[in-house]
Amino acid sequence: MLIQQCTNHHLSRLAEIFNDYRIHFEQESDLIGCTAFLEERLLKNQAVIFVAIDEESNEFMGFTLLYPMFSSLKAKSTWTLNDMFISEKFRKFGVASGLLEKVKEFGEETDAQWITLKTGAENVKAQALYEKFGFKKDEGHFYYYLQ
């Protein structure tokens, strides 16, 4: 498995797996919209995306998408791991672990104060994996959303 940071060179294949991710979460298929969304994030340096590639087939196995944030109190940058998806046929092959290891290294390389993520309360497998990588469940804060 090869893990690379995405550039526009990866865009068409990245858009396909990103579209699969959205379909997995019951969104309408929209390959054109996915491509435009990802292209804008990359062109404007608004996201960092890592992709896991199967070295034999050259297929995209999964990806993770990070958005930059900042901590005013710590006066440092942070990252939000907003999306991670592993294609069904590549699950149980350590792809998520490989991507998380890359995310952890990237956080260290960029001197980030922290990396945050959220997952569903029912997703206990993901929670166990995140905790294995050192992520801590935030017990001290409430998060609110305004739509």
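Residues numbered from 1 in each chain as written. Predicted model: local features only at pLDDT ≥ 70, side-chain atom pairs only at ≥ 80, totals over all residues. Heavy atoms only, no water.

Q: Please clarify how the overall build of the protein chain should be interpreted in this entry.
A: The number of helices and strands found in the protein chain is four helices and five strands. Going residue by residue from the N terminus, the α and β elements of the protein chain occur as β-α-α-β-β-β-α-β-α. For 147 residues, the compact-globule formula gives about 15 Å, and the C-alpha radius of gyration of the protein chain, at 15 Å, lands near that figure. Taken over the C-alpha atoms alone, the protein chain extends approximately 45 × 35 × 35 Å along its principal axes. Taken over 147 residues, the protein chain has a buried fraction of 37%. (Helix = DSSP H or I, 4+ residues; strand = E, 2+ residues; numbered from the N terminus. Rg over C-alpha atoms; globule rule 2.2 N^0.38 Å. Buried < 20%, exposed > 50% of the residue type's maximum accessible area, 1.4 Å probe, protein only.)

Q: Could you clarify how one ought to interpret the confidence of the model for the protein chain in this entry?
A: Low-confidence regions, as indicated by low pLDDT, have predicted coordinates that should not be scrutinised in detail. Averaged over all residues, the pLDDT of the protein chain equals 95, while 100% of them reach at least 70. Looking across the protein chain, the model is least confident in helix α4 (residues 124-132), with a mean pLDDT of 92, and most confident in strand β2 (residues 48-53), with 98. (pLDDT = per-residue confidence, 0-100.)

Q: Hey, could you run me through the pairing of strand β4 (residues 76-86) in this one?
A: Two faces, one strand: in a regular strand the side chains alternate between the faces of the sheet. Of all the 11 residues making up β4, eight are buried; the element is thus mostly covered by neighbouring parts of the structure. Counted along the chain from strand β3 (residues 60-71) to the antiparallel partner β4, the turn is four residues long, and its residue A75 has a positive phi close to 55°. Summarising the sheet, β4 and strand β5 (residues 115-117) pair through three bridges and their orientation is parallel. Pairing of L81 across the sheet is with L117, part of β5. Following the backbone out of β4, through helix α3 (residues 95-109) and into the adjacent parallel β5, one traces a crossover that is right-handed. (Pairing = 2+ DSSP bridges. Right-handed = clockwise from strand over helix to strand, strands pointing away.)

Q: Help me out: how do you make sense of a negative patch on the surface in this one?
A: Judged by side-chain charge, E101, E105, E108 and E109 come together as a negatively charged surface patch. Residue E109 is classed as exposed on the basis of its relative accessible area of 60%. (Patch = residues over 30% accessible without salt bridge, like charges linked within 9 Å, V, L, I, M, F, W, Y side chains within 5 Å. Areas by Shrake-Rupley, 256 points an atom, 1.4 Å probe, with all protein chains shown as cover. Salt bridge = Lys/Arg side-chain N within 4 Å of Asp/Glu carboxyl O. Lys, Arg positive; Asp, Glu negative; His and termini not counted. Charge placed at Lys NZ, Arg CZ, Asp CG, Glu CD.)

Q: Sorry, what's going on with the sheet that holds β2 here?
A: In any sheet, the strands associate via hydrogen bonds between backbone groups, in a parallel or an antiparallel arrangement. Read from one edge to the other, the open sheet built from five strands follows the order β1-β2-β3-β4-β5, with strand pairing classed as mixed. Looking at the sheet topology across the chains shown, the edges are occupied by β1 (2-5) and β5. Each neighbouring strand pair of the sheet contributes to a mean axis angle of 25°, computed without reference to strand direction. Sheet topology places β1 next to β2; four bridges connect them, and they run antiparallel. Residue pairing for β2: Q4 is matched across the bridge by V51. Sitting on the sheet, helix α1 (residues 11-24) is in contact with β2, β3 and β4, with an inclination near 85° to β3. (Axes fitted to C-alpha atoms, helices over the stretch in contact; angles between N-to-C directions. Contact = heavy atoms within 4.5 Å.)

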